[in-house]
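Each chain, letter by letter, is given below.
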Amino acid sequence: MKFSTEELVEGIQSGNKRLIAKAITLVESKKAEHRIQAEELLKRIMPFTGKSVRVGVTGVPGAGKSTFIESFGRLAIAQGKKVAVLAIDPSSSINKGSILGDKTRMEELAKEENAFIRPSPSSGFLGGVANTTFETMMICEAAGYDYILIETVGVGQSEVLVADITDVFLFLKIIGGGDELQGIKRGIMEMVDVIFINKVDQDNFQKAKNTRLELKRALDFIPPKEKGWKIPVLLGSALHNEGLQEIYDKISEFIDLKKNAGRFEEIRTQQAEKRFEYWVQEYILSLMKKSNVVEEAYIMHKKNASEMVSNPSTEAKLFVEKFLLGENKG
């Protein structure tokens, strides 16, 4: 059944989870007629967005991201908040499908009236986010969710794309063998706002404390993202609800610090500008490829790049200049 834009807007504002899900599916669609309706929908709900706290949760596979989000979400709900979870699942590079394992996880959180969980395939998009995650977040904000938690696939340095759409970037760490800092890229450390060492128990407590000390020392060599904020390294267990209240408090403290410094809205503006730049590139390429002449040139330059006839960046420059600068005229 197709829903009108008016029905979807009303459904979003009334918190109808079925219609919220339908709206997100519409925004994720690549069909031309769906894109037109999606753009109108997003335009209509924009006045009701921007009031949530956007939290990116990253970490290596096995760090306990889903368990953390479920426990943290339930804690926030217990304090009167509404929580939306955007769980990005790794897509197949062959057919762009997704396992969508999060449908079978977070069962307790899914039962909560004030929780909404949406798994989305990354469809090969870098950074462990789907290319419409930002727009999906807008829908959840318009529906009145106070916390938007984005669980990423944990793919390393390209997680910068997650940091670019969130207010707080939380990194989950677990205790492992050998050098505890091994495998933690400087790029990740420069983006994080809060670090949580998860799965801490009596058996590894001392090792966890040593890891925290090592991380704090490493952070001393990295300039802080926000003036006056020293990145906290916290210990706990999401499975046993230990340390979560401290994280909740630290997130609130970090948001307050940014707001008091006038940085909160400034960063939100920068993030919106980056989304604008992303979509400009998407739409220009999409529009240009609708022309047979442009499509043929695109294929030719792409072939030159793939066969290393010349540098891929050179071929991209030649292709763009040929049509955007009018060099094909005359």
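Just so you know, these numbers come straight off a predicted model, no measurement behind them.

A.B. asks: Any chance you could break down the overall build of the protein for me, citing the residues and the numbers?
C.D. replies: Scanning the protein from terminus to terminus reveals 13 helices and 7 strands. Residues classed as buried in the protein amount to 46% of the 330 residues present. Of the contacts made within the protein by residues no fewer than 6 positions apart, 76% connect residues no fewer than 24 positions apart. For the protein, the exposed surface amounts to about 17,300 Å²; the carbon and sulfur share of it is 54%.

A.B. asks: With reference to specific residues and values, describe a nonpolar patch on the surface.
C.D. replies: A grouping of Phe276, Val280, Ile284, Val320, Leu324 and Leu325 is seen on the molecular surface, where their side chains present a nonpolar patch of about 540 Å² in accessible area. Of all elements in the fold, only helix H11 (263-288) and helix H13 (312-324) reach the threshold of two or more residues within the nonpolar patch. Top contributing element to the nonpolar patch by residue count: H11, with 3 residues. Tracing the backbone shows Leu324 in helix H13.

A.B. asks: How would you summarise the packing of aromatic side chains if you had to cite specific residues and measurements?
C.D. replies: Counted by the stated rule, this structure contains 9 aromatic pairs. Pairing Tyr298 with Phe319 gives two aromatic rings, centres 5.4 Å apart and planes at 65°, and the pair type is edge-to-face. Residue Tyr298 is located in helix H12 (residues 292-306), and its partner Phe319 is located in helix H13; the two are separated by 21 residues in the primary sequence. Here the aromatic cluster, defined as three or more aromatic residues joined through ring pairs, consists of Phe68, Phe72, Tyr147, Phe196 and Tyr248. In this arrangement the basic side chain of Lys82 is found over the ring face of Tyr145, its NZ or CZ atom lying 4.6 Å from the centre. Directly above the ring of Phe264 sits Lys259, whose terminal nitrogen or CZ lies 5.0 Å from the centroid.

A.B. asks: Run through the environment of Glu246, naming residues and quoting values.
C.D. replies: Among the secondary structure elements, Glu246 is positioned in helix H10 (residues 244-260). Put simply, Glu246 and Leu235 are 11 residues apart on the chain and 9.4 Å apart in space, counted from C-alpha to C-alpha.

A.B. asks: Give a description of the nonpolar core that names residues and reports values.
C.D. replies: Among the nonpolar cores identified, the biggest contains 51 residues, and Val55, Phe68, Tyr147, Leu170, Ile195, Ile247 and Ile251 are the most heavily contacted of them. The residues contacting Tyr147, other than those within four sequence positions of it, are Val53, Val55, Phe72, Lys81, Lys82, Val83, Ala84, Tyr248, Ile251 and Ser252. Counting residues in each nonpolar core, the second largest holds 29 residues, with Ile12, Ala23, Cys140 and Ile150 among its members.

A.B. asks: Provide a residue-level description of the pattern of salt bridges, including the pertinent values.
C.D. replies: All chains considered together, the criterion is met by 15 salt bridges. Across the pair Asp193 and Lys225 runs a salt bridge, and its minimum N-O distance is 3.1 Å. One end of the pair, Asp193, is in the loop between helix H8 (186-191) and strand E6 (194-198); the other, Lys225, is in the loop between helix H9 (205-219) and strand E7 (233-235), with 32 residues separating them in the sequence. Ionic pairing is found between Arg263 and Glu226, a salt bridge with its closest N-O pair at 2.9 Å. Highlighted residues: Arg263 in helix H11 and Glu226 in the loop between H9 and E7, separated in sequence by 37 residues. Look at Glu226 and you get buried, because its relative accessible area is 5%. Here the residues in one salt-bridge network are Glu226, Arg263 and Glu266, joined through shared partners.

A.B. asks: Which residues make up the environment of Val168, and what values do they have?
C.D. replies: Looking at the secondary structure, you find Val168 in strand E5 (residues 168-174). A sequence separation of 23 residues divides Val168 from Met191, and the C-alpha atoms of the two residues are 9.4 Å apart. Once residues within four sequence positions are removed from consideration, Val168 is found in contact with Arg54, Val55, Gly56, Asp193, Val194, Ile251, Phe254 and Ile255.

A.B. asks: Mind laying out the packing of helix H4 (residues 65-78) against H10, listing which residues take part and the relevant values?
C.D. replies: It is at 10 Å that the axes of H4 and H10 come closest, and there the two elements cross at 70°. Of the possible angle classes, the one that applies to H4 and H10 is roughly perpendicular. Residues Phe68, Ser71, Phe72, Leu75 and Ala76 of H4 form the contact with H10, whose own contacting residues are Leu244, Gln245, Ile247, Tyr248 and Ile251. Counted by class, the contact of H4 with H10 contains 8 nonpolar, 2 polar and no charged residues.

A.B. asks: Can you break down unusual backbone geometry residue by residue, with the values?
C.D. replies: Only a minority of non-glycine residues have a phi that is not negative, and only a minority of peptide bonds are not trans. Here Lys199, not a glycine, exhibits a phi torsion of approximately 60°, which is positive. The residue Lys199 is located in the loop between E6 and H9 in this model. Residue Asn241 is not a glycine yet carries a positive backbone phi of 55°. Looking at where Asn241 falls in the secondary structure, it is placed in the loop between E7 and H10. Using a relative accessible area of 53% as the deciding quantity, one classes Asn241 as exposed.

A.B. asks: An account of helix H2 (residues 17-28) is requested, with residue identities and associated values reported.
C.D. replies: Two residues of an α-helix separated by three or four positions point the same way, owing to the 3.6 residues in each turn. For H2, spanning 12 residues, the distance from its first C-alpha to its last is 16 Å, which sits close to the expected 16 Å at 1.5 Å a residue. The set of residues buried in H2 consists of Leu19, Ile20, Ala23, Ile24, Leu26 and Val27. Along the long axis of H2, the arc covered by the buried residues comes to 155°, so they all point the same way.

What counts as what
- Residues numbered from 1 in each chain as written.
- Predicted model: local features only at pLDDT ≥ 70, side-chain atom pairs only at ≥ 80, totals over all residues.
- Heavy atoms only, no water.
- Helix = DSSP H or I, 4+ residues; strand = E, 2+ residues; numbered from the N terminus.
- Buried < 20%, exposed > 50% of the residue type's maximum accessible area, 1.4 Å probe, protein only.
- Contact = heavy atoms within 4.5 Å.
- Areas by Shrake-Rupley, 256 points an atom, 1.4 Å probe, with all protein chains shown as cover.
- Patch = residues over 30% accessible without salt bridge, like charges linked within 9 Å, V, L, I, M, F, W, Y side chains within 5 Å.
- Salt bridge = Lys/Arg side-chain N within 4 Å of Asp/Glu carboxyl O.
- Phe/Tyr/Trp six-rings, centres within 6.5 Å; stacked < 30°, edge-to-face > 60°.
- Lys NZ or Arg CZ within 6 Å of the ring centre and 35° of its normal.
- Core = buried A, V, L, I, M, F, W, Y, C linked by side-chain atoms within 4.5 Å.
- Axes fitted to C-alpha atoms, helices over the stretch in contact; angles between N-to-C directions.
- Parallel < 35°, antiparallel > 145°, perpendicular 65-115°, else oblique.
- Nonpolar A, V, L, I, M, F, W, Y, C, P; charged D, E, K, R; others polar.
- Expected span 1.5 Å × (residues − 1).
- Arc of directions from axis to C-beta.

Bear in mind that shape data such as this cannot, by itself, settle questions of function.
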